[in-house]
Structure formats: C-alpha cells, structure tokens
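Descriptive analysis of the structure
Each chain, written out:
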Amino acid sequence: ATGTAFNIDLLGKEVVVTLIEGGVVVRAEGGAPLIGGRKAPPSVALRAGQKLVAAARAAPVVPQADLKGATAWERGQLMFTDEPLAEAVQKVNRYAARPIVVDPTAAGVRVSGAFDAADTASFLDAMITYFELDAAAAPDGKVVLRLQS
C-alpha cells in the first residue's frame, strides 16, 4: 500500500487499527462474524486520522484517533490520555523486564501522561506518587500495583 501508514495494536481481546495516512479497508477474517446475533460489517474503510476498535461480541467502532499518541512508540514513548490503568500497563509490559499486574483495587485508576517506554521504573514511580498506589513484588517476579490501604 503505497503512501499508507497504519498501526495495528492487540490489547487483550481488542484489536485497534489506527490509520496515520492514506486509506485502508479492514475486513473480517472468514467473512463477517456474528455480533450479538447480527452480522458485523464485512469490511470497514478508514480515512487518515481514524481508528477501528474491534472486540469480540461488540460492534466495531470508528472514532477519531490521537495520532501523536498512536505513533509515540516510534519515538520510544508511551502516551496515555485518560486510559484505564490496566490498558496502560498492557502497553508498558511490552517493554518491561518484570511484568506489571494491576490488582482489582486499582482497576478504576485513569492514566494520562507521556512515559519513556524503556523506563518502567519511572512509570511505576509516577503511579505510586500520583495515584496513591503501592507496588509490591509477587513471588513469581511480577510487580503488583494496588491501592494503598
């Protein structure tokens, strides 16, 4: 696809396709899957600046994309705008030597900010400082973030 740039992001069971420039059509593999008893659209055309968010058992949505945030990884950064902590941690874990786990007590925390993708310690420090979270080492080597008690 000449002149087309896009990102594909897998977050849990959700796929996000962000179109940076050009045009792209996203098609469901093997035809249109059933969503809530209805067939999903067999394809979705995206324009530059849009993203497709597709999750199991939900109709795909096409909101405007934050292109600066979507391409931050190219500059070694991770950018979050009012994102659930669990989703932010999924992205941080792609670069972390020790995986981070979010305890259900911290599930409601919303994260905004720009972080160095290679500096997991600074991300953890910010979460502890700004959101009154504790970080504890689990026996399996993971770091668990939970609300302070």
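In case you missed it, the structure is sitting above this.
Quick caveat, the model's predicted, so the values are computed rather than measured.

1. Let's talk about the sheet that holds strand β2 (residues 14–21)
- The strand order across the open sheet built from three strands is β1-β2-β7, with neighbouring strands paired in antiparallel fashion. The outermost strands of the open sheet, each flanked by one partner alone, are β1 (5–11) and β7 (51–55). In this sheet, adjacent strand axes meet at a mean angle of 10° when their direction is disregarded.
- Summarising the sheet, β1 and β2 pair through seven bridges and their orientation is antiparallel. Directly across from Ile8, in β2, lies its bridge partner Val17.

2. Thoughts on the sheet that holds strand β11 (residues 133–137)
- Pairing within the open sheet is mixed, and its three strands lie in the order β9-β12-β11. Strands with a single pairing partner mark the edges of an open sheet, and in this sheet they are β9 (100–102) and β11. This sheet shows a mean twist of 30° between the axes of neighbouring strands, independent of strand direction.
- Bridging between β9 and strand β12 (residues 143–147) involves three bridges; their strand directions are parallel. Note on β12: the bridge partner recorded for Val101 is Val144.
- Along the sheet, helix α2 (residues 85–92) contacts β9, β11 and β12; its crossing angle with β9, the most-contacted strand, is approximately 170°.

Basis of the calculations
Residues numbered from 1 in each chain as written. Predicted model: local features only at pLDDT ≥ 70, side-chain atom pairs only at ≥ 80, totals over all residues. Heavy atoms only, no water. Pairing = 2+ DSSP bridges. Helix = DSSP H or I, 4+ residues; strand = E, 2+ residues; numbered from the N terminus. Axes fitted to C-alpha atoms, helices over the stretch in contact; angles between N-to-C directions. Contact = heavy atoms within 4.5 Å.

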